[in-house]
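Secondary and tertiary structure notes
Residues per chain are reported as follows:
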Amino acid sequence: MLFVAILLVSATLSLGSDELGSKYRPSSTEPDSDYYACKLKCVKMSGGVDEKLKCRNECEEKQMQKERGKGSGETDPEYRGCKAECEKIPGAVEIERLRCKKGCEDYHDEKQKRERGGGQGRRGGGQYNIVFAEEAQDVRKMVGECHQSCQGSQGEQQHPQCFQSCIQKRLQEQGRRQTGDTRRPETTRRTDKPYRQQSNNPYVFEDHHFTARLETEHGNLRVLQKFTDRSELFNGIEKYRAAFLEVEPQTFVVPNHWDADVLAFVANGQGTITLIEGDSRQSHNVKRGDLFHVPAGITAYLINTDNNERLVLAKILHSVSVPGDLQLFSVGGGEAESSYYNAFSIEVLEAAFGVDRESAHKMVGQQKLQQGVFKKVTEEQIRSFSGEDKSRGWPFGDRKGKGRGTHSIYKNEPSVANENGILHEVDSKDFPDLRDINVAFSLFNITQGSMAGPFYNTKATMVLMVSNGGGRFEMACPHLAEQGTRGGQINPRYEQVSSELRRGTVVVIPAGHPVVIEASNEQNLEVIGFGLNSDENEWFPLTGRDNILSQWEDEALELTFGFPASELQSVIQKQNKKLFFKAPERSGRAFA
């Protein structure tokens, strides 16, 4: 299956090559007039790329049957085995199987070419090369965009699932544009759900969706890809990005600023954050459970003051320039190129600092003790940074300027708490800085073998970041479900979107989407929640105490569900806990 998977990607990529005009070129003879007529018919036909590809592949299949009737391919056991595996692709639509078989044929043809000692292999005239030339340009553009979306020029090798999913999505979009069909693309039927959920679940992000922006042995910063690069469903949160920062013990992060507002939650460890704002300098000791806000353009530096524990920050960044694009501006800490001072001429720096050239070079030359942006510090420096050494006159706690501060999520009582879990919530009423970026915060601590929900948010899109433990989630989603019609009316349908959860997993829950979060039987599950666009947001439980059904009138219940209200009320009022419940027993249940 690995061989077939590679061919699936290579077959898709080859659509952007110079040979897109003819995926088949006979190895020994030119094709007959029937083949040309068939191909030209495909060019003139109406329809999108998928329809044209299917038509063209049928033409090529007929021609190849003539060629391979001479024993050129069907006698090769590797070729026969490859085609047989294509038929076994789970949940695949016909066009995917055809592309897979095309990959087998291309591989076999190249193999024959190598065996002939580098002979001609495929041949063909200009008529081949002009077929689908416009599509070739479009596909080459798609390939480039998907390379970038899947993190770099080697995206298809490093992250084949991401790359293949991206190419497939762009081809479908192109087909709809050509046919004038602007409706949401068809999705795989429910019988194909396991395959679709693994390869086309835009709501779940794993390790390979992160890019390491900074990384050394002393720390790393990993930023999640743009939400809109994954799906247009996330256009409403295109200005936001998620990130994890990890800093090893006794390590300093050199001063920098972002072109984005940053909200950070201390998920583990302790440290000191210093903000330089105008003529003021504010330092704040932070520890697990603290939130702090660094406005866009404000220079900040951070130190892990602990001797043993790693400092871990979960971050949401709100871009202020290009939506979703983030730029980190650093004054130095490594090679000269890592300082934005280096972008200016030495003459400008001499004049700006009012110093001679030798002194100006200190601002752009390589710093001593090269260690990048993460630097080890001494015990004395740690005491000074943390405010324990008062001799240097640090204005620790002095609330000059705009009074940026921190907020502990444990300052208030939990919103919900029982033996199955605890929910801590912070909004702009508790921490006014949240109003600047329109974000609310939640921390779910779910006891092993328990679950939170089902519930939904009215206005906020939740970005859930798993900080500890394992489990799974389920969500009701209308976007991936086939919408049925009856009597000219659209009947809403909802597909189950689900995935396992592990440390580092990120899940996006759009507003209005009911969701359940489960902890495994082996360990508790801790999930950090950032509510984006949270102004006037509320969350409503669908079961348990205070659930929305408990407020309905009896007549509304009977008309909706078709049973007597008394019977329905016995179900609705049975569960007396709120939000957190014992999870269902699952046979063979295993979470990462």
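Every value quoted in this text rests on a predicted model; they were computed, and no experiment measured them.

The helix and strand tally for the protein stands at 17 helices and 28 strands. A total of 592 residues make up the protein; the buried ones form 48% of that total. Intrachain contacts of the protein at a sequence separation of at least 6 include 76% that bridge at least 24 residues. For the protein, the accessible surface area stands at approximately 29200 Å², while carbon and sulfur atoms represent 49% of it.

Time to look at the environment of Asn304. In this structure, Asn304 sits in strand β10 (residues 299–304). Sequence-wise, Asn304 and Val253 are 51 residues apart; in three dimensions their C-alpha atoms are separated by 8.5 Å. Not counting chain neighbours up to four residues away, the residues in contact with Asn304 comprise Val247, Glu248, Pro249, Gln250, Thr251, Gln270, Gly271, Glu309, Arg310, Leu311 and Ile382. A polar side-chain atom of Asn304 sits 3.0 Å from the main-chain carbonyl oxygen of Glu309.

With that settled, the discussion passes to the pattern of salt bridges. Tallied over the full model, the rule gives 17 salt bridges. Residue Lys459 pairs with Glu536 through a salt bridge whose shortest N-O separation is 3.3 Å. With Lys459 in the loop between β18 (450–457) and β19 (461–468) and Glu536 in the loop between β26 (525–532) and β27 (539–541), this residue pair connects regions lying 77 residues apart in the sequence. The structure contains a network of salt bridges with shared partners spanning Glu246, Glu248, Arg310 and Arg503.

On the surface, Phe353, Val355 and Met363 cluster together into a nonpolar patch covering about 220 Å² of accessible area. Relative to the assigned elements, Phe353 resides in helix α12 (residues 346–353). Its relative accessible area of 38% is what places Phe353 among the partly exposed residues.

Along the chain, Leu480 falls in the loop between β20 (471–477) and β21 (484–486). Owing to a relative accessible area of 9%, Leu480 belongs among the buried residues under this scheme. C-alpha of Leu480 to C-alpha of Tyr494: the two residues are 14 residues apart in sequence and 7.6 Å apart in space.

Mapped onto the secondary structure, Asn220 falls in strand β3 (residues 219–224). Beyond its immediate stretch of four places on either side in the chain, Asn220 contacts Leu214, Glu215, Phe244, Leu245, Glu246 and Phe374.

The next subject is the sheet that holds strand β24 (residues 506–509). Spatial strand order, β1-β24-β19-β26-β17-β16-β15: seven strands in an open sheet with antiparallel pairing. The sheet terminates laterally at β1 (204–205) and β15 (416–418), the two strands that pair on one side only. Sheet topology places strand β17 (residues 439–446) next to β26; eight bridges connect them, and they run antiparallel. When the sheet's bridge partners are listed, Asn445 is paired in β26 with Glu526.

Taken as a whole and assessed by the stated rule, the structure comprises twelve aromatic pairs. Pairing Phe205 with Phe227 gives two aromatic rings, centres 5.8 Å apart and planes at 80 degrees, and the pair type is edge-to-face. Taken as a pair, Phe205 in strand β1 and Phe227 in helix α11 (residues 227–230) lie far apart in primary sequence, 22 residues in all. There is no split in this pair, since Phe205 and Phe227 are both buried.

Tyr79, Cys82, Lys83 and Cys86 are the residues of helix α4 (residues 77–86) that are buried. All buried residues of α4 project into a common sector of 95 degrees when viewed along the axis, lining one side.

For the rest of this paragraph, the subject is the nonpolar core. Generally speaking, soluble globular proteins have nonpolar side chains that are buried together. In this structure, Phe227, Phe444 and Phe530 are the most contacted members of the largest nonpolar core, which totals 58 residues. Among residues more than four places away in sequence, those in contact with Phe227 are Phe205, Phe234, Ile237, Tyr240, Arg241, Ala242, Val463 and Val508. Val223, Val254, Trp258 and Leu326 belong to the second-largest nonpolar core, a separate cluster that totals 32 residues.

With that out of the way, let us pick up the pairing of strand β8 (residues 280–287). In this structure, strand β7 (residues 270–277) lies alongside β8, joined through eight bridges in antiparallel fashion. Across the sheet, Thr274 pairs through a bridge with Ser283, a residue of β8. Counting the residues between successive antiparallel strands, the hairpin from β7 to β8 contains two residues, one of them, Gly278, with a positive phi of roughly 65 degrees.

To continue, consider the pairing of strand β9 (residues 290–294). Burial within β9 is extensive, with five of its five residues counted as buried. A two-sided burial pattern is seen for β9, the buried positions comprising Asp290, Phe292 and Val294 on one face and Leu291 and His293 on the other. As paired strands, strand β6 (residues 260–268) and β9 are joined by four bridges and run antiparallel to one another. Paired with Val262 across the strands is Val294, a residue of β9. With three bridges connecting them, β9 and strand β14 (residues 406–408) associate as antiparallel partners. Residue pairing across strands places Asp290 opposite Ser408, the latter belonging to β14.

By secondary structure assignment, the location of Thr505 is in the loop between β23 (495–501) and β24. If we skip the residues at most four places from it in the chain, Thr505 touches Val204, Phe205, Glu206, Leu464, Met465, Val466 and Glu500.

What follows is about a negative patch on the surface. Judged by side-chain charge, Glu553, Asp554, Glu555 and Glu558 come together as a negatively charged surface patch. Summarising the element assignment, Asp554 is placed in helix α16 (residues 554–561). Given a relative accessible area of 38%, Asp554 falls into the partly exposed group.

Moving on, we come to the sheet that holds strand β2 (residues 210–216). Taken in spatial order, the seven strands line up as β2-β3-β4-β11-β6-β9-β14 in an open sheet, and their pairing is antiparallel. With one partner strand each, in any of the chains shown, β2 and β14 form the two edges of the open sheet. Averaged over all pairs of adjacent strands, the angle between strand axes in this sheet comes to 20 degrees, irrespective of strand direction.

Before going further, it helps to examine the confidence of the model for the protein. Looking at the protein, pLDDT values average 76 and 66% of them are 70 or higher. Considering only residues more than four positions removed or in separate chains, one finds that residues 152–156, a stretch of pLDDT under 50, has ten contacts.

The omega torsion across Gly453 and Pro454 is 15 degrees, close enough to zero to call that bond cis. Along the polypeptide, Pro454 turns up in strand β18. One non-glycine residue, Leu579, lies in the positive phi region at around 70 degrees. Looking at the element boundaries, Leu579 is found in the loop between α17 (565–572) and β28 (580–582).

Definitions and limits used
- Residues numbered from 1 in each chain as written.
- Predicted model: local features only at pLDDT ≥ 70, side-chain atom pairs only at ≥ 80, totals over all residues.
- Heavy atoms only, no water.
- Helix = DSSP H or I, 4+ residues; strand = E, 2+ residues; numbered from the N terminus.
- Buried < 20%, exposed > 50% of the residue type's maximum accessible area, 1.4 Å probe, protein only.
- Contact = heavy atoms within 4.5 Å.
- Areas by Shrake-Rupley, 256 points an atom, 1.4 Å probe, with all protein chains shown as cover.
- Polar contact = N/O pair within 3.5 Å; in protein donor to acceptor, adjacent residues only side chain to side chain.
- Salt bridge = Lys/Arg side-chain N within 4 Å of Asp/Glu carboxyl O.
- Patch = residues over 30% accessible without salt bridge, like charges linked within 9 Å, V, L, I, M, F, W, Y side chains within 5 Å.
- Pairing = 2+ DSSP bridges.
- Phe/Tyr/Trp six-rings, centres within 6.5 Å; stacked < 30°, edge-to-face > 60°.
- Arc of directions from axis to C-beta.
- Core = buried A, V, L, I, M, F, W, Y, C linked by side-chain atoms within 4.5 Å.
- Lys, Arg positive; Asp, Glu negative; His and termini not counted.
- Charge placed at Lys NZ, Arg CZ, Asp CG, Glu CD.
- Axes fitted to C-alpha atoms, helices over the stretch in contact; angles between N-to-C directions.
- pLDDT = per-residue confidence, 0-100.

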